[in-house]
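# Chains, contacts and geometry: an overview
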Amino acid sequence: MLLQATTLTDTIVDVLGSLGLDAANPLVVFLAGLLAAALVAVIVLLNAALAGPWAKRKITASFTDRIAVNRIGPMGIGTIVVDSVRLLSKELIIPEDADRPAYDLAPLLLASSALLGFAVIPMGSGIQVADPEIGLAYVFAVASIASLGLLMAGYASNNKYSFLGGLRAVAQNLAYEIPLVLTGASVVIFAGSLRLSEIVAAQEGTLLALGPVAIPNWFAFLNPFAFALFMAANLAEVGRNPFDIPEAPTELVAGYQTEYSSVYFVLFYLGEFIHIFLGGAIIATLFLGGPAGPFLPGIVWFLIKIWGVFLFTQWARSAVPRVRIDQLIEIGWKVMLVLALVNLVLTAVIVGVVA
């Protein structure tokens, strides 16, 4: 079954048309696209703002038996506003002899590349800015732009710790993006399409019914090995333990972002959490049925799933020790890549035989 869902942009175009505007006018369509993108960006940014200053601290404190922020607002929720004002009001310090164009552009690249990925993610009934035929390839392409931002930040800071962090980030992303893409390709073989709405539609129905309990036809149940592989590779892509090598506070101070402060640091911090949510959105779309779920609206189920992935990344951050850089590269090229290739070949064979 192919899911021909109306995108959010189409819905806004229809609304503008009902208000008397020419729905066929390219300018009206462009305006509708901007409004749709703004709405999706607000949803993503609100979740990232909740996760960064507040949820991350509360979750980490729970894992380590400590008391987190609890003084400002109910359960310390006011910390979000306080931290935002505190960080944005700090002085922006530029290192001596920094390469200004690259130094200034790096945090913008990191944050914007993750936001661009959400443009094609089906977040619920009609909550999707665009639905191109190459949706999955587009998401992987724009998400990989972050690697360029990390390298630029490390190089432009005129700091050896930052430079090493930037080089580590590129080496890590190269080593784990290939297994990530290959594992995603195995899902494409199952679904028969790169269009994300069709990948979600391919997971409709029931895989197995055990009395009153129905196991959905999600690819996480159909191919749990690929799901586990993708989750592990995603940890490396978002820089969470055991793969937080580009930052490595005990070795590199803070890695590529050592020399960043004020609004630039906020952009790096925000971009990091948007990338975690983008990774969760991709996992939810490819393996967990996207916005599918009983009773509640699709957008609610979608947010529950990406917050579940976020919780997993925070568990890894608190519980899993960091590997060395040489171990990280070996795991990526000698283990993850091989397993991803095996999974891809076996998937192709199984689908070919069944078809």
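Before reading on, note that the structure itself is shown above.
Scoring rules and cut-offs
Residues numbered from 1 in each chain as written. Predicted model: local features only at pLDDT ≥ 70, side-chain atom pairs only at ≥ 80, totals over all residues. Heavy atoms only, no water. 1 Å grid on protein atoms, 1.4 Å probe; cavity = no way out; pocket = protein on both sides within 12 Å on 5 of 7 lines; lining within 4 Å. Points joined across faces, edges and corners; volume = space filled by probe spheres on them. Helix = DSSP H or I, 4+ residues; strand = E, 2+ residues; numbered from the N terminus. Nonpolar A, V, L, I, M, F, W, Y, C, P; charged D, E, K, R; others polar. Core = buried A, V, L, I, M, F, W, Y, C linked by side-chain atoms within 4.5 Å. Buried < 20%, exposed > 50% of the residue type's maximum accessible area, 1.4 Å probe, protein only. Contact = heavy atoms within 4.5 Å. Salt bridge = Lys/Arg side-chain N within 4 Å of Asp/Glu carboxyl O.

Take empty space enclosed by the protein next. In total, this model carries two cavities of 30 Å³ or more according to the counting rule given. What the largest cavity holds in volume is close to 380 Å³. Together, 28 residues line the largest cavity, and A146, E237, V238, G239 and H275 are the ones closest to its centre. Those elements giving two or more residues to the lining of the largest cavity turn out to be α5 (135-143), α6 (145-156), α7 (160-191), α10 (224-237) and α12 (262-287). No other element matches α12, which puts six residues into the lining of the largest cavity. Counted by class, the lining of the largest cavity contains 14 nonpolar, nine polar and five charged residues. Put simply, the second largest cavity is a space of about 40 Å³. In this structure, the second largest cavity is lined by I43, V44, N47, F118, M123, F277, L303 and I306. Considering each element in turn, the lining of the second largest cavity owes the most residues, three residues, to helix α2 (residues 26-63). A breakdown of the residues in the lining of the second largest cavity according to their chemical character gives seven nonpolar, one polar and no charged.

Formed by 72 residues in total, the largest nonpolar core has its most connected members in F118, I121, I199, F230, L286, F287 and F310. In terms of residue count, the dominant contributor to this core is α12 (11 residues). Non-local contacts of F118, meaning those with residues more than four positions away in its chain, are made with V40, V44, M123, I274, F277, L278 and A281. Residues Y103, A146, A169 and Y256 belong to the second largest nonpolar core, which totals 15 residues.

To continue, consider unusual backbone geometry. Positioned with a positive phi, S262 is a non-glycine residue whose angle comes to about 55°. Among the secondary structure elements, S262 is positioned in helix α12. For F295, which is not glycine, the phi dihedral falls at a positive 70°.

On to the pattern of salt bridges, then. If you walk through the whole model with that rule in mind, you get seven salt bridges. Residues R195 and E198 are paired through a salt bridge, measuring 3.4 Å at the closest nitrogen-oxygen approach. Exposure class is identical for R195 and E198. Each is buried. Connected through shared salt-bridge partners, D131, E133, R195 and E198 make up one network.

A few words on the layout of surface pockets. Here the largest pocket defines a volume of roughly 360 Å³. What lines the largest pocket is a set of 18 residues, among which P53, S84, L87, V266 and Y269 lie closest to the centre. Taken together, the elements giving at least two residues each to the lining of the largest pocket come down to α2, α3 (79-88) and α12. The leading source of residues in the lining of the largest pocket is α3, at six residues. Here the residues of the lining of the largest pocket sort into 10 nonpolar, four polar and four charged.

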